[in-house]
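# Reading the structure
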Amino acid sequence: IAALCIGTAVAISSSHKIKLNPDYIVGNTAGNLYNGGTFCEDDEYVYFSNAYDNGALYRMRPDESDMKKLVSTQVSSINSGGDYLYYYQQSIGSGEGFGYMFNATGIYRVSKKNPAKNTCLDKIYGSNVVLSGNSLYYNISAENGTFLMAKSTDGKSSQTILTNPILPACVDNNTLYYQNTKTDLHLMAVNTLTNQVFQVSSEDIYMPIVEGSTLYGIDIHNNYALIRMDLTTGEKTTLDDTRTDMLNASPQYIYYQTSGDTPQFKRVSKDGSYMEVIADGAYNTIQTTSKYVYFLKFGSSVPVYRIPLDGPIDISTFDAALQAAAQQNK
């Protein structure tokens with residue numbers, strides 16, 4: 001009887017352990033997270049916040065087939081790591097279906113295989129969650145300011161990293177890149193293995209997207225131009241000198257929104273050799289997957305538009321998500 005009790009206790013304890021991720025795991029792309037993190041692709045699935053169903057968490061294949069609702073609450077900053085999804089829950093959902101969660105704003109972890117199993121890691125008002133290895137980095141809004149926190153994926157440990165707000169989104173090679181908002185606007189970084197903070201460059205780059213030794217971003221002191229920079233040499237190349245508000249990246253292009261008298265949603269090849277306008281007007285929430293680029297007209301939550309990721313520009317609407325939401329409501 002004693003042996004049976006001990007074995008049962010060990011089994012229960014093991015069932016609550018979170019399998020560690022490799023250190024190189026990054027929960028989502030920097031470009032997606034800068035734009036709200038409403039889409040996240042991992043393995044064979046795309047996880048997304050369905051704008052046609054009050055931002056509920058859905059899953060689908062990259063070609064938009066095999067769609068399934070996972071969690072009824074409104075989610076953003078979706079990250080994927082191992083067997084789990086991590087996200088920021090913004091409000092209570094409208095239903096009580098499979099995977100429904102209680103009304104509590106905060107950072108959550110949910111099982112991909114069984115979304116009814118969810119855990120609140122931090123009941124806070126915050127934003128901009130990014131997963132690096134086995135740590136979640138996110139902002140906390142409190143009465144005395146906004147802070148950057150690091151929380152282990154098992155929820156057992158936490159640490160205040162910065163006492164000023166940043167945009168935690170870009171992680172590359174165990175390094176979280178961000179723009180300093182406290183003393184200057186220089187390019188800074190956090191080593192996500194040690195949580196040590198250091199300066200990368202004296203350049204003032206907003207929304208950095210780092211791929212190895214190459215950075216794409218918005219150059220504040222160059223009329224907010226879209227630039228590419230070599231982090232080894234510091235050499236900068238202007239990709240578009242029009243004021244840029246936001247950006248995202250695919251393997252071939254930088255997708256970005258310009259402002260001014262004639263705002264445009266555009267894309268430019270990463271070497272700057274080819275540029276084209278996707279649509280006139282103001283758009284935001286630019287999200288990329290391996291098949292499509294999804295985006296919204298500024299000020300609207302629906303319809304959700306899309307174009308093929310790297311093919312010819314052909315704007316259509318995300319009808320599969322609309323149909324899935326309608327089916328759920330039935």
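Fair warning: this is a prediction, and the values are worked out from it, not measured in the lab.

### Concerning the pattern of salt bridges
By the definition in use, this model includes 12 salt bridges. The shortest N-O distance in the salt bridge between Glu44 and Arg61 comes to 3.6 Å. With Glu44 in the loop between strand 1 (39-42) and strand 2 (45-50) and Arg61 in the loop between strand 3 (56-60) and strand 4 (68-81), this residue pair connects regions lying 17 residues apart in the sequence. According to the relative accessible area criterion, Glu44 is partly exposed, its value standing at 42%. We note a salt bridge from Arg61 to Asp66, for which the minimum N-O separation is 3.4 Å. The exposure class of Arg61 is partly exposed, given its relative accessible area of 26%. Through salt bridges with shared partners, a single ionic network connects Glu44, Arg59, Arg61 and Asp66.

### A look at the layout of surface pockets
Approximately 420 Å³ is the volume attributed to the largest pocket. For the lining of the largest pocket, the secondary structure elements donating two or more residues are helix 2 (30-34), strand 1, strand 12 (170-171), strand 16 (205-211) and strand 20 (244-249). Taken together, the residues of the lining of the largest pocket sort by class into 10 nonpolar, 10 polar and five charged. The volume enclosed by the second largest pocket comes to roughly 340 Å³.

Reading the values: rules and limits
- Residues numbered from 1 in each chain as written.
- Predicted model: local features only at pLDDT ≥ 70, side-chain atom pairs only at ≥ 80, totals over all residues.
- Heavy atoms only, no water.
- Salt bridge = Lys/Arg side-chain N within 4 Å of Asp/Glu carboxyl O.
- Helix = DSSP H or I, 4+ residues; strand = E, 2+ residues; numbered from the N terminus.
- Buried < 20%, exposed > 50% of the residue type's maximum accessible area, 1.4 Å probe, protein only.
- 1 Å grid on protein atoms, 1.4 Å probe; cavity = no way out; pocket = protein on both sides within 12 Å on 5 of 7 lines; lining within 4 Å.
- Points joined across faces, edges and corners; volume = space filled by probe spheres on them.
- Nonpolar A, V, L, I, M, F, W, Y, C, P; charged D, E, K, R; others polar.

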